[in-house]
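Fold and contact review
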Amino acid sequence: MLKSKMIENEIQLQCALKHNQKIVQVLLNPQLQRDQRLLCGQCLQTININGKAIVYKDILEIIQEQQQIKLEQVYNLIKSQILTQLNLLKSNVIQQFEFIQCAVQDWINNLQLLCQQYQQYSFHDELENFINNKGIYFDQNELLQRISKEQNIWYSKVTSKLDLFNQFQEQEKCKEMLENNKLMIQKLNVNFNQQIEISEDDIKLKQTELSVKQQGSCLSIAFNSSDSIMVSTNKSLINVWNFNNGKLELSQQLKYHEGWINSLVFSKRQNLFLSCSSDQTIRVWKSYGQNEWISSIPYQQHTDKVLCMILNQNEDELFSGSLDYRINSWKLDLDKNELQYQYSLDKHNNGVYSLSLNQKSNIQHHALQARIKQLFGKEDKIIKWNSNTLLNNLFKALDQRFCLSKRISLFGYLIVIKLMKYGVFQENTEKKLKLNSDNVNMEMFQFPLVYNKNRNLMVLRHKIFIYIIRELKNGNFKIVEQLNRQTNKIFGTVTNDGNHLVFWDEIKKEYQIFQLQEQ
Ligand SMILES: [Zn+2]
């Protein structure tokens with residue numbers, strides 16, 4: 001793994017008054033420039049600190065950590081997306097040539113072996129031939145037949161491969177791969193550029209006429225990465241839908257779980273999703289084309305209802321939370337459609353209703369483990385602040401600047417938890433956002449906190465309301481739209497492109513589809 005490097009030499013950093021001493025404090029004042037912000041011990045005795053300041057070591061550590069994350073993102077993008085494709089292309093081409101090369105080599109070897117068989121002779125036999133005036137005698141027909149036999153075997157093998165080149169099939173395949181690569185980079189380009197525009201405007205939720213009835217309760221909805229497939233639960237069934245710009249069309253119903261399904265998670269990389277159920281099992285579902293979804297065997301390690309799941313960024317590790325007080329880690333093999341139990345985190349003294357991963361999850365395994373424990377374990381600092389507070393849903397924004405938590409007390413708040421230092425979380429009281437108070441309804445754990453960075457929106461359900469929240473340029477948060485559904489039993493999510501909100505609720509007993517329209 002690459003390590004990020006600072007271009008400045010730490011020893012050569014100059015303090016504001018050029019004392020040639022170690023920097024100890026840094027002023028976080030935007031009006032100051034470069035060296036003016038840096039203070040050594042001697043500076044501290046003469047300069048009055050007005051405004052915010054931070055210990056030099058701490059800010060260095062924070063910046064280093066952020067830069068390492070940036071580098072890991074670059075590395076992951078190049079490695080997982082582009083290098084993998086190119087290596088595949090390379091090995092594809094090499095494979096074709098290698099086949100021909102190997103076939104011809106085997107052909108050569110066999111002919112050489114044949115030659116060697118004519119090396120041996122018997123003195124007595126040849127003497128006999130000589131005396132009978134037969135000259136150099138051997139069965140030429142037999143030799144020709146043996147050569148022909150080799151020819152027949154290898155000729156067809158080699159020519160069939162050569163024909164591939166003649167018909168340009170391989171060439172087309174390779175070109176297609178190169179083309180896909182180009183498209184992917186263009187798509188990523190669009191995504192990156194979108195991030196720059198941050199809209200603060202209000203969003204209007206406009207209901208479409210495309211609702212679909214379903215009597216059985218739906219607890220979870222998930223979309224594939226292109227938003228063309230939606231999966232939802234219907235008690236112990238899974239419904240697979242074609243999703244076309246808000247229009248739902250049922251394509252398959254999957255019936256394997258023996259208890260209600262609590263959560264569905266879709267892969268961003270493959271036609272694959274996961275389901276976890278009150279029957280204590282997790283299943284992996286994979287489609288090999290034409291909407292035929294095949295279930296893995298049921299994986300059972302939990303000893304009570306499995307309530308929630310989360311996949312790491314690399315999609316090779318799954319975490320599941322259960323009413324058995326445990327978080328389990330599973331190794332996921334996307335190609336083989338397989339889960340393998342790895343370990344359990346068992347520091348909880350209550351069911352695990354929600355999971356959240358920091359961005360480093362895919363690289364620093366131990367850091368992740370420690371953080372999960374920190375966020376959800378006994379030593380959870382957030383919960384300690386107020387024992388009456390139930391932290392029922394939490395997520396960490398991708399850029400590491402903040403994470404949000406939805407919590408219940410008598411009044412609902414969305415709180416922003418700032419990552420102060422490595423592994424230490426603190427509530428940012430300035431950014432507390434008051435949600436509508438509601439002393440009647442319970443909070444349900446389902447309905448994930450959705451964060452869509454490209455469109456600068458967060459969607460969350462608190463009791464009977466669905467809120468859409470935006471981060472403003474000044475760093476504060478604002479509720480830009482809310483929807484009252486009269487029931488706390490609302491379950492759904494937002495499409496990956498952030499264009500549609502889809503949920504099922506207990507009163508209407510139907511999937512309702514809303515468009516998110518910028519105002
Ligand atoms: Zn100084």
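Our subject in this report is the structure included herewith. (Residues numbered from 1 in each chain as written. Predicted model: local features only at pLDDT ≥ 70, side-chain atom pairs only at ≥ 80, totals over all residues. Heavy atoms only, no water.)

Our focus in this paragraph is the sheet that holds strand S17 (residues 327-333). Strand order in the open sheet made by the four strands is S15-S16-S17-S18, with antiparallel pairing throughout. Bordering the open sheet on either side are strand S15 (306-311) and strand S18 (338-345), each of which pairs with just one other strand. Each neighbouring strand pair of the sheet contributes to a mean axis angle of 25 degrees, computed without reference to strand direction. Where strand S16 (residues 317-322) lies against S17, five bridges are found, and the strand directions are antiparallel. Each residue of the ladder has a partner; that of Phe319, found in S17, is Ser329. (Pairing = 2+ DSSP bridges. Helix = DSSP H or I, 4+ residues; strand = E, 2+ residues; numbered from the N terminus. Axes fitted to C-alpha atoms, helices over the stretch in contact; angles between N-to-C directions.)

Now for the environment of Phe503. Following the sequence through the fold, Phe503 ends up in strand S28 (residues 500-505). With 271 residues separating them along the chain, Phe503 and Ser232 place their C-alpha atoms 9.6 Å apart. Apart from the residues within four sequence positions on either side, Phe503 is in contact with Ile221, Phe447, Ile466, Leu483, Arg485, Ile490, Phe491, Gly492, Glu510, Tyr511, Gln512 and Phe514. (Contact = heavy atoms within 4.5 Å.)

Moving on to unusual backbone geometry. The phi angle at Asn20 is positive, at roughly 55 degrees, despite the residue not being glycine. Mapped onto the elements, Asn20 comes out in the segment before strand S1 (23-27). Unlike most non-glycine residues, Gln486 shows phi in positive territory, near 65 degrees. Checked against the element boundaries, Gln486 lands in the loop between strand S26 (477-484) and strand S27 (490-494).

Attention now goes to the environment of Arg470. Tracing the backbone through its elements, the reader meets Arg470 in strand S25 (residues 465-471). Given the relative accessible area of 0%, Arg470 is considered buried. Sequence separation between Arg470 and Asn452 is 18 residues, and the spatial gap between their C-alpha atoms is 9.9 Å. Within the local environment of Arg470, its side chain forms a polar contact with the backbone oxygen of Asp201, the two atoms lying 2.7 Å apart. (Buried < 20%, exposed > 50% of the residue type's maximum accessible area, 1.4 Å probe, protein only. Polar contact = N/O pair within 3.5 Å; in protein donor to acceptor, adjacent residues only side chain to side chain.)

Our next topic: the coordination of the zinc ion. Protein ligation of the zinc ion involves Cys15 (SG), His19 (ND1), Cys40 (SG) and Cys43 (SG), the donor distances falling in the range 2.0 to 2.3 Å. Coordination at the zinc ion is tetrahedral, judged from the four donor atoms that bind it and the angles of 101 to 116 degrees they form at the metal. (Donors = N, O, S within 2.8 Å, 3.2 Å for Na, K, Ca; no water. Tetrahedral: all angles 85-135°; square planar, octahedral: opposite > 155°, others 65-115°.)

Our focus in this paragraph is the sheet that holds strand S2 (residues 38-40). Strands sit in the order S2-S1-S3 across an open sheet of three strands; the sheet is antiparallel. What marks the edges here is a single partner per strand, and that holds for S2 and strand S3 (53-55). Sheet twist, expressed as the mean angle between neighbouring strand axes with direction ignored, is 30 degrees. Across three bridges, the pairing between S1 and S3 is antiparallel. Residue Val26 lies in a different strand from S3, and its bridge partner there is Ile54.

Turning our attention to the pairing of strand S12 (residues 281-287). Most of S12 is tucked away: seven of the seven residues are buried. In S12, alternate side chains face the same way, and those of Thr281, Arg283, Trp285 and Ser287 on one face and Ile282, Val284 and Lys286 on the other are all buried. Inspection of the sheet shows strand S11 (residues 272-277) paired to S12 by five bridges, in the antiparallel sense. Within S12, the residue paired with Ser275 across the bridge is Arg283. Once S11 ends, the chain turns through three residues before running back antiparallel as S12, passing Gln280 with a positive phi of about 75 degrees. In terms of strand pairing, S12 meets strand S14 (residues 299-300) through two bridges, oriented antiparallel. Looking at S14, one finds that Thr281 is bridged to Gln300. Of the pairings in the sheet, the one linking S12 to strand S13 (residues 293-295) comprises three bridges and is antiparallel in character. The partner of Trp285 across the bridge, within S13, is Ser295.

Further remarks concern the side chain of Ser232. Relative to the helices and strands, Ser232 resides in strand S7 (residues 229-234). Here Trp241 takes part through its side chain, which lies 2.9 Å from a polar atom of the side chain of Ser232. Reaching out from Ser232, the side chain makes a polar contact with the side chain of Tyr511 at a distance of 2.7 Å. When near neighbours in sequence (up to four residues on either side) are disregarded, Ser232 contacts Gln214, Cys218, Ser220, Ile221, Leu237, Ile238, Asn239, Trp241, Leu264 and Tyr511.

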